[in-house]
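# Architecture and fold: a report
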Amino acid sequence: MPELPDVEIYRREAEKAKNSGIESFEIEDKKFIGISESEFNKKLKDERFKETTRRGKYLFLSIGKEKAVVMHFGMTGDLKYLKESEDAPDYTKCSFVFKNKHKLHYISKRKLGHVEFTDNLEDFIEEKELGPDALETNEKEFVSLLKDKKSMAKTALTDQSLISGIGNVYADEILFQSKIHPKQKTTDLSDADFKSLYKNTRKVLEKAIEKEADPSKLPKSYLLPNREEGNDCPRCDGKIKKIKISGRSGYYCPTCQKK
DNA sequence: CATAATGTTTAAGA
DNA sequence: GTCTTAAACATTAT
């Protein structure tokens, strides 16, 4: 589930390919690969990825100051750097082949997500209306972005145009840690609530990265390892409840996350 | 076999 | 017009 921590792990995987000459590009499924063969030849062949950066759930592999390959992982994406001799993973959609006999495989089970090329990274970010990365904001900025929203707390947290990187799963954890009901309106939150949201956003995302974005490796006191309807709340006597918020499922403890 | 799943864009509603 | 919410997208695993 590619949210910010997952994409950060993919970024570290892509780092392994840094500064290797790009030899070719293999497209398995061109439906959602936005780089044609001719564009590759013109703009990427014989170049190298000089820098890998991330903004929210987007990964950028830069070949120059402004030019970059852009990857988004949808709900089921993955990225693997393997030797050329190794088999490409199942559901590989495209692969960059490097002169050092390694390949960077972009994998996705479902067809959400895409790989493309931009001539100007800043313009791309602006066009997508991506808010600042959840780990690159300070408390003041974080609070001012969320404060005036009239939507539910969970909806605001997962709005990529406000703050980018928080998805459906980690939003549940952040709200749990902050003891805030997911349907609580942001206009009803106190200053202490916002402070808590900021602190826990950092805490949860950093911990998740440390655990290689595997929710089951998070501490038992966290919600995510227990994220199932009817499970015991790891903090109080309550039972975990599942609800729908804007068509997505959310899990929380009705006892310690009061409205 | 029906259901739910990580995300974003789109359309619809208020 | 603006802001918020729900549906649609395509596919796989349970």
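Report on the accompanying structure. (Residues numbered from 1 in each chain as written. Chains lettered and ligands numbered in written order. Predicted model: local features only at pLDDT ≥ 70, side-chain atom pairs only at ≥ 80, totals over all residues. Heavy atoms only, no water.)

## What to know about the sheet that holds strand E4 (residues 68–72)
As a reminder of what qualifies: Strands are labelled as partners when DSSP assigns at least two bridges between them. Segments assigned H or I by DSSP are reported as helices when at least four residues long, segments assigned E as strands when at least two residues long, and all are numbered from the N terminus. Fitted lines through C-alpha atoms give the axes, limited to the stretch in contact for helices. The angle between two N-to-C directions lies from 0 to 180 degrees. What makes two residues a contact is simply this: any of their non-hydrogen atoms within 4.5 Å.
The strand order across the open sheet built from 4 strands is E2-E3-E4-E8, with neighbouring strands paired in antiparallel fashion. At either margin of the open sheet sits one strand with a lone partner, and together these are strand E2 (51–55) and strand E8 (114–118). Put simply, the sheet's adjacent strands are angled 20 degrees from each other on average, direction ignored. Running at roughly 175 degrees to E2, helix H1 (residues 4–15) makes contact with E2 and strand E3 (58–62) of the sheet. Contacts between helix H3 (residues 121–128) and the sheet are confined to E2, E3, E4 and E8, with E3 contributing the most and set at about 165 degrees to the helix.

## What about the protein's contact with DNA strand C?
Quick reminder of the rule: If a single non-hydrogen atom of a residue is within 4 Å of a molecule or strand, that residue counts as near it. Here a polar contact means two N or O atoms within 3.5 Å. Within protein one must be a hydrogen donor candidate and the other an acceptor candidate, and residues neighboring in sequence count only if both atoms are side-chain atoms. Put simply, Ala, Val, Leu, Ile, Met, Phe, Trp, Tyr, Cys and Pro go in the nonpolar bin, Asp, Glu, Lys and Arg in the charged bin, and everything else, Gly too, in the polar bin.
Around DNA strand C sit Tyr91, Lys109, Arg110, Lys111, Leu112, Lys149, Lys150, Ser151, Lys185 and Ser246, and those are all the residues in its vicinity. Across the atoms of DNA strand C situated within 4 Å of the protein, the share located in sugar and phosphate is 71%. For DNA strand C, a phosphate oxygen lies 2.8 Å from a polar atom in the backbone of Lys150. Here a phosphate oxygen of DNA strand C and a backbone polar atom of Ser246 are 3.3 Å apart. Of the residues contributing to the surface near DNA strand C, the split by class is 2 nonpolar, 2 polar and 6 charged.

Structural measurements only, silent on function.
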